[in-house]
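Each chain, letter by letter, is given below.
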Amino acid sequence: MCIGAHPDDPETGCGGSLLLLRRAGHTITVVYLTCGEAGVKGMTRGATARLRTKEAKAACRILQARPVFFGQVDAGAVFDDAAVRKM
């Protein structure tokens, strides 16, 4: 399992390692805390979230990984006891 704050964090940070682990027979899950809503200037948060979610799913297909979106909001993530228990 790899956990990243936004789409592209896991892929750019350790995508090669994830792919090597998958090729070695491991099941890979990538957890995205947010959909990266605040990551593209000039786009609405909703449009950005849709774009970045689509990109993350495409990256996971290449890595042969299962994407999981945790549902936090970019630039507004909450890490209280309830959020940690949910994760």
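Higher on the page you've got the structure.
Residues numbered from 1 in each chain as written. Predicted model: local features only at pLDDT ≥ 70, side-chain atom pairs only at ≥ 80, totals over all residues. Heavy atoms only, no water.

Hey, could you go over helix H2 (residues 45-63) for me, with residue numbers and the actual values?
For the α-helix, the turn length of 3.6 residues means that residues three or four positions removed from each other point alike. Over its 19 residues, H2 runs 26 Å from end to end, which matches the ideal 27 Å to within 8%, given 1.5 Å per residue. Turning to H2, its buried residues are Thr 48, Ala 49, Arg 52, Thr 53, Ala 56, Ala 59, Cys 60 and Leu 63. For H2, the arc enclosing every buried residue in end-on projection is 125°, short of the 170-degree limit, so these residues lie on one face. Those residues of H2 that are exposed and aimed more than 90 degrees away from the buried face are Arg 50, Lys 54, Arg 61 and Ile 62. Residues of H2 that are buried sit in contact with helix H1 (9-23), strand E2 (28-32) and strand E3 (65-69). (Helix = DSSP H or I, 4+ residues; strand = E, 2+ residues; numbered from the N terminus. Expected span 1.5 Å × (residues − 1). Buried < 20%, exposed > 50% of the residue type's maximum accessible area, 1.4 Å probe, protein only. Arc of directions from axis to C-beta. Contact = heavy atoms within 4.5 Å.)

Tell me about the pairing of E2, residues and numbers included.
Every regular strand shows the same layout, with side chains that alternate between the two sheet faces. In terms of burial, E2 is a largely internal element, five of the five residues being buried. Taken together, the three bridges between strand E1 (residues 2-4) and E2 define a ladder with parallel strand orientation. Within the sheet, the bridge partner assigned to Ile 3 lies in E2 and is Val 31. For the crossover that starts at E1, traverses H1 and ends in the parallel E2, the hand is right-handed. Judged from the five bridges that link them, E2 and E3 form a sheet pairing that is parallel. Each residue of the ladder has a partner; that of Thr 29, found in E3, is Arg 66. (Pairing = 2+ DSSP bridges. Right-handed = clockwise from strand over helix to strand, strands pointing away.)

An account of the environment of Gln 64 is needed here, citing residue identities and associated values.
Residue position: Gln 64 is located in the loop between H2 and E3. When the C-alpha positions of Gln 64 and Arg 22 are compared, they lie 6.9 Å apart, and in sequence the two are 42 residues distant. Those residues in contact with Gln 64, other than ones at most four positions away along the chain, are Arg 22 and Ile 28.

Outline the sheet that holds E2, supporting the account with residue identities and numerical values.
One open sheet holds the three strands; their spatial order is E1-E2-E3, and the pairing between them is parallel. Whereas interior strands pair on both sides, the edge strands pair on one side only; in this sheet they are E1 and E3. This sheet shows a mean twist of 20° between the axes of neighbouring strands, independent of strand direction. Packing against the sheet, H1 makes contact with E1 and E2, and its axis sits at approximately 170° to E2. Contacts between H2 and the sheet are confined to E2 and E3, with E3 contributing the most and set at about 155° to the helix. (Axes fitted to C-alpha atoms, helices over the stretch in contact; angles between N-to-C directions.)

By themselves, these observations are geometric and do not establish any function.
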